[in-house]
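This is what each chain is made of:
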Amino acid sequence: MAFEIPRIPLAEWCDIALDWATEHFSGVTRAISAVIGTGIEEITDFLVGLPPWLVIIAFGLLIWRLTTARIALFSMLGFAFLWNLELWRATMQSLVLVLVSTLFALAIGIPIGIGAALSKRFWRVVAPALDMMQTMPSFVYLIPAIPFFGLGAVSACFATIVFAMPPTIRLTALGILETPSQLVEAADAFGSSRWQKLFKVQLPLAIPTIMAGINQTIMLALSMVVIAAMIGAGGLGGEVWKAIQRLEAGQGFQAGIAIVVLAVILDRITQHIARHMRRDREGV
Amino acid sequence: MTEKRPRIRVHGLTKIFGDEAGAALSLLQAGQNRADILKATGAVVGLQDVSFDVDEGEILIVMGLSGSGKSTCLRCINRLIEPTAGSVLVDDTDVTALSERDLMELRRTRFGMVFQQFALFPHRTILKNVEYGLEIQGVAADRRRDKALAAIETVGLKGWDQHYPSQLSGGMQQRAGLARALALDPDVLLMDEAFSALDPLIRRDMQQELVALQRRLKKTIVFVSHDLDEAIALGGRIVLMKDGRAVQQGTAADFLANPADEYVRRFVEHIDVLGVVTAGDAMRQPAAVKAWHSTAAEALASLTQSGEPVMTVVCHEGRFQGTVDAATLRGAGETELRLLLSDREAFVSGTATLNEAVAKLAAGRGEIAVIGPTGELAGVIANADLVAALARRRSETAH
């Protein structure tokens, strides 16, 4: 007779935990969902409601202000191309989803990153959680997201935030920790308090590194676009998803290329800002 | 006269780095040496029972090679490094006993610090860097700006306030570092190898400027340096450190004359003697001196007999007036010396270094006068005396 080692009921535990959380919190999360969902819809509707050429010009001007004329021109061409492919609505949906998710990821991630840099104990809790967030297949986040936030953009947004936040947390913490020790010492020598040191020396010096984190977060958020489409987030991911279901290779590639174009535009802009800040800090 | 009280008193300062500091401290107090303590506990003795005073308005130089504990010592004064034992008193405040909060307050108002690698904040303009300490104190923006601009002008950086540190040369960056410390108008300046990262020429300029500034500002300065020439240029008292201990305190000339041990002797061996020995040390009594109403004939006789290269002339009160050489005296008959005077500048003060004396000797006729504080003739130095003085020092320092 062999001893049978019973299977650890991991799945059941996860279910129990999720059921409990759903029971207690879904009221709140559904309410949040309604607000955010409406917000995302409103913004998307607003952008789609405007004539595309006007949006393209407005984006161009904004990007020109933030970066260079070259990048602005390139971005305008990219958006015009997407318009030409008749993917304008999908592009706007994806863009709004990515930007809203990124904003949330930053709002949550930067304070966590700061905390992780300031407290070694906190970092020991956060670090394994980050590893898990990033290695867990991102599909998995979608399943619990639905009972909390319902089908649609908000669940997609939630899954995207969880998946895309780790680089911001990591690089915020790294940026603060890599403040040259002599500058920390100088701040101390002049009697700075912990917060003065953080806000006057460490954070400003960490901004280029944090920007690199933001860039990665945006890229990860964009990579979630297709996956998010599986729970009805629509957008360019939805186009890809449709193409897969109908086995339309051409349509699939078209939407895929559109995602690449959007990715390149966002990457160029954030990279340029990050590089520009680094140069500012370190001199020519 | 009231007794002059030291501004900073460092007493029995000991710093042990490592987890086993407590155990190491008892071993140290039991008389064990650094190497044994390291082997027994893994703790490194950084400072061992260092005591010194710094007077108001004094530049004290803490000197030693790298690893001697000099920077640790400086950082214990404002507790950037927490001392393991001993006390630091600034005026009547025991810095080592302060709470975090009081320590912060003390650092804000009493100490200015200047760093070896400047440690300017790269994301702030020079003005914003210099304002930093005031900003931390919560000084209003316009007063802060005025004070910072004044400090920037003091260090000679006027017009550079809107530049970023990376746009400035090393020397200018360190001026900004000095301005940042001065803007607070602190009682105590802590300078950690402040000029060591600069080019030699700039370094010398900065040393001279610091001395000139100090004459005006009269701060109490603790200056850490590994460079004996720098210590001499700054002209203060020196605490010489070795292996975490203060081996000797005194002026460079004291170190030369009475080295406490072989280490000190070797440390000062290559000292620039000309920069340390004073004209007063090297002078001798003149053999040919005449008052200025004496006649040329008298003077010529006396000069020929004395063997001096020139006749030194003084007034009735004994103040140095100038020199006359033999060629001028010859054929001048009964003319009074005061009408024949030349080289009225051929003198140095008794406290001047031989460097100055050499320059004067090179420009003159083989002999210069050494004068006291009121201009009275104290002695003379001829070329041969200079050589003799140098030879004397050589033999003293080489055993």
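For the structure, check the block above.
Reading the values: the criteria
- Residues take numbers from 1 onward in each chain, read along the sequence in its written order.
- Written order decides the labels, with chains lettered from A and ligands numbered from 1.
- Only residues with pLDDT of 70 or above have their local features reported here, since the model is predicted, and side-chain atom pairs are shown and tallied only from 80 upward, although totals for entire chains, interfaces and linings are computed over all residues.
- To obtain the side-chain values, all non-hydrogen atoms of the structure were included, while hydrogens and water were left out.
- Only strands that DSSP links by at least two bridges are regarded as paired with each other.
- In DSSP terms, a helix is any run of H or I states spanning at least four residues, a strand is any run of E spanning at least two, and both are numbered starting from the N terminus.
- The convention used is that axes are lines fitted to C-alpha atoms, helices contributing only their stretch in contact, and that angles between N-to-C directions extend from 0 to 180 degrees.
- Should any heavy atoms of two residues lie within 4.5 Å, those residues are considered in contact.
- Here a crossing is called left-handed whenever its near helix is offset anticlockwise from the far helix by less than a right angle, and right-handed whenever the offset is clockwise.
- When residue character is reported, Ala, Val, Leu, Ile, Met, Phe, Trp, Tyr, Cys and Pro are called nonpolar, Asp, Glu, Lys and Arg charged, and the others, Gly included, polar.
- Each cavity reported here is a set of points on a 1 Å grid over the protein atoms alone in which a 1.4 Å probe fits but cannot get out, each pocket an open set with protein on both sides within 12 Å along at least five of seven lines, and each lining residue one with an atom within 4 Å of a point.
- Grid points are joined across faces, edges and corners, and a volume is the space filled by probe spheres set on the points.
- Whether two aromatic rings pair depends on their centres lying within 6.5 Å, for rings of Phe, Tyr and Trp, where Trp uses its six-membered ring; planes under 30 degrees apart make the pair stacked, over 60 edge-to-face, and the rest tilted.
- In this scheme, a residue with accessible area under 20% of its type's maximum is buried, one over 50% is exposed, and one in between is partly exposed, where area comes from a 1.4 Å probe on protein chains only.
- Charge-over-ring placement is defined geometrically: NZ (Lys) or CZ (Arg) within 6 Å of the ring centre, and within 35 degrees of the ring normal.
- In these notes the angle categories are as follows: under 35 degrees is roughly parallel, over 145 is roughly antiparallel, 65 to 115 is roughly perpendicular, and the rest is oblique.

Chemist: How would you summarise the sheet that holds strand β14 (residues 347-349) of chain B if you had to cite specific residues and measurements?
Modeler: Strand-to-strand pairing in sheets goes through backbone hydrogen bonds, with the strands running parallel or antiparallel. Residue and element names in this part refer to chain B. If you walk across this open sheet you meet the three strands as β14-β15-β16, and the pairing is mixed. Looking at the sheet topology across the chains shown, the edges are occupied by β14 and β16 (377-382). Shown here is a sheet whose adjacent strand axes are inclined to one another by a mean of 30°, direction ignored. The sheet contact formed by strand β15 (residues 367-371) and β16 spans five bridges and is antiparallel. Considered in β16, the bridge of Ile-371 is made with Leu-377.

Chemist: Describe the sheet that holds strand β12 (residues 310-314) of chain B, with residues and values.
Modeler: All names here are of chain B. Overall, mixed pairing links the three strands, which are arranged β11-β12-β13 in an open sheet. Looking at the sheet topology across the chains shown, the edges are occupied by β11 (289-291) and β13 (320-325). Across this sheet, the average inter-strand angle for adjacent strands is 30°, counted without regard to direction. In the packing of helix α14 (residues 296-306) onto the sheet, contacts are made with β11, β12 and β13, and the angle to β12 comes to roughly 125°.

Chemist: Give a description of the packing of helix α5 (residues 126-137) of chain B against helix α7 (residues 170-182) of chain B that names residues and reports values.
Modeler: All names here are of chain B. Across the interface, α5 lies against α7 with an axial gap of 7 Å and an inter-helix angle of 35°. As for the relative orientation of α5 and α7, their crossing is right-handed in sense. Packed against α5, whose contacting residues are Ile-126, Asn-129 and Val-130, the element α7 presents Ala-176, Ala-179 and Arg-180 at the interface. Class assignment for the residues of the contact of α5 with α7 results in four nonpolar, one polar and one charged.

Chemist: With reference to specific residues and values, describe empty space enclosed by the protein.
Modeler: All names here are of chain B. This model, assessed by the stated rule, comprises one cavity of 30 Å³ or more. The computed volume of the largest cavity comes to approximately 40 Å³. Ranked by residues supplied to the lining of the largest cavity, first place goes to helix α8 (residues 200-217) with four residues. The residue makeup of the lining of the largest cavity, split by class, is six nonpolar, one polar and one charged.

Chemist: Talk me through the packing of aromatic side chains; I want residue IDs and the actual numbers.
Modeler: One pass over the full model with this rule turns up 11 aromatic pairs over all chains. Both rings, one in Phe79(A) and one in Trp88(A), keep their centres 6.4 Å apart while their planes meet at 75°; by these two values the pair is edge-to-face. Using a relative accessible area of 3% as the deciding quantity, one classes Phe79(A) as buried. The exposure class of Trp88(A) is buried, given its relative accessible area of 7%. Here the aromatic rings of Phe148(A) and Phe149(A) are separated by 6.3 Å at their centres, their planes lie at 50°, and the arrangement is tilted. Owing to a relative accessible area of 12%, Phe148(A) belongs among the buried residues under this scheme. Overall, Phe149(A) belongs to the buried group, its relative accessible area being 14%. Ring pairs connect the aromatic residues Phe59(A), Phe79(A) and Trp88(A), which therefore count as one cluster. Residue placement shows Arg180(B) over the ring face of Phe121(B); its charged tip is 5.1 Å from the ring centre. The ring of Tyr263(B) has Lys242(B) sitting right over it, with the charged end atom 4.9 Å from the ring centre.

Chemist: Describe the packing of helix α4 (residues 88-118) of chain A against helix α7 (residues 153-164) of chain A, and please don't skip the residues or the numbers.
Modeler: The description of two helices packed together rests on the angle between their axes and the distance between the axes. Residues and elements named next belong to chain A. Orientation of α4 relative to α7, taken along the N-to-C sense of each, is 45°, at an axis distance of 9 Å. Overall, the two elements α4 and α7 adopt an arrangement that is oblique. Our pair here, α4 against α7, has a crossing hand that is right-handed. Across the interface between the two elements, Leu-97, Val-100, Ser-101, Phe-104, Ala-105 and Ile-108 from α4 touch Ala-153, Ala-156, Cys-157, Thr-160 and Ile-161 from α7. Each residue belonging to the contact of α4 with α7 can be placed in one class, and the counts come to nine nonpolar, two polar and no charged.

Function cannot be read off these values alone, since they describe shape.
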